[in-house]
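# Examination of the molecular architecture
Each chain is listed here by its residues.
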Amino acid sequence: MPVAAQDTGAAGTLSLELNTTKSVESGCQLSFLIQNGHDTDIDAAVYETVLLDTEGQVDRLTLFDFGALPAGRPRVRQFVVPGTGCDGLGQILINGANRCEAGGAESDLCTKGLELKSRSDVEVIG
């Protein structure tokens, strides 16, 4: 019996999953698995992101640039947060799309049907 490919994103959604966190010399490395379930390629996706410590206090506000996200194809993006240990990170708040472009124009595809998930101890909210 053939094995089917795993479907990581439902149609009409954009699935953003914090897959792993890893302490590195310069800080905390965050690996995201992102799946564009829309019918349209996203040319640029930049999210305003708030990092909260384990006490729920804002550590920093930053931008995560996920780049181009082709329709129906999973992508992994990694970001290193300098000067922050992963054990001190409690939550990641996706505050909204700072920039989202599809078809050469501004788009709402980065927030339309956005599903947030986490496979780590760090919760992703939005």
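Above this note sits the structure.
Here is a short report on the structure shown in this document. (Residues numbered from 1 in each chain as written. Predicted model: local features only at pLDDT ≥ 70, side-chain atom pairs only at ≥ 80, totals over all residues. Heavy atoms only, no water.)

Right, let's talk about the overall build of the protein chain for a bit. Counting secondary structure elements, the protein chain contains zero helices and nine strands. Listed N to C, the secondary structure of the protein chain is β-β-β-β-β-β-β-β-β in terms of helices and strands. Each of the three principal axes of the protein chain carries a C-alpha extent, and together these read 45 × 40 × 25 Å. In the protein chain, which comprises 126 residues, the proportion classed as buried is 36%. Counting only contacts in the protein chain whose residues sit at least 6 apart along the sequence, the fraction spanning at least 24 positions is 69%. Put simply, the protein chain shows about 6900 Å² of open surface, and 45% of that area lies on carbon and sulfur atoms. For the protein chain, the distance from the average position of its 9 positive side-chain charges to the average position of its 18 negative side-chain charges is 7 Å. (Helix = DSSP H or I, 4+ residues; strand = E, 2+ residues; numbered from the N terminus. Buried < 20%, exposed > 50% of the residue type's maximum accessible area, 1.4 Å probe, protein only. Contact = heavy atoms within 4.5 Å. Areas by Shrake-Rupley, 256 points an atom, 1.4 Å probe, with all protein chains shown as cover. Lys, Arg positive; Asp, Glu negative; His and termini not counted. Charge placed at Lys NZ, Arg CZ, Asp CG, Glu CD.)

What follows concerns the state of the cysteines. Counted by the stated rule, this structure contains two disulfides. Between the sulfur atoms of Cys28 and its disulfide mate Cys86 the distance is 2.1 Å. An S-S torsion of about 105 degrees defines the bridge between Cys28 and Cys86 as right-handed. Separated by 58 residues along the polypeptide, Cys28 in strand β2 (residues 27–36) and Cys86 in the loop between β5 (74–82) and β6 (89–102) bring together distant segments of the chain. Between the sulfur atoms of Cys100 and its disulfide partner Cys110 the distance amounts to 2.1 Å. (Disulfide = S-S within 2.5 Å.)

Once that is clear, we can look at the packing of aromatic side chains. The final tally for this structure, using the stated rule, is six aromatic pairs. A centroid spacing of 6.0 Å and a plane angle of 65 degrees characterise the contact between Phe32 and Phe79, whose relative ring orientation is edge-to-face. In this pair, Phe32 sits in strand β2 while Phe79 sits in strand β5, placing the two residues 47 residues apart along the sequence. Given the relative accessible area of 0%, Phe32 is considered buried. Between Phe66 and Phe79, the ring centres sit 5.1 Å apart and the planes meet at 70 degrees, which makes this aromatic pair edge-to-face. In this pair, Phe66 is assigned in strand β4 (residues 58–69) and Phe79 in strand β5, connecting sequence segments 13 residues apart. The two residues Phe66 and Phe79 agree in class, both being buried. Through a chain of ring-to-ring contacts, the aromatic side chains of Phe32, Tyr47, Phe64, Phe66 and Phe79 assemble into a single cluster. (Phe/Tyr/Trp six-rings, centres within 6.5 Å; stacked < 30°, edge-to-face > 60°.)

It is worth spelling out the sheet that holds strand β8 (residues 114–118) at this point. The strand order across the open sheet built from four strands is β5-β2-β1-β8, with neighbouring strands paired in mixed fashion. Taken across any chain shown, the strands that pair with only one partner, and hence form the sheet edges, are β5 and β8. The mean angle between the axes of side-by-side strands here comes to 25 degrees, regardless of whether they run parallel or antiparallel. Across 10 bridges, the pairing between strand β1 (residues 14–24) and β2 is antiparallel. If you follow Thr21 over to β2, its bridge partner there is Leu30. (Pairing = 2+ DSSP bridges. Axes fitted to C-alpha atoms, helices over the stretch in contact; angles between N-to-C directions.)

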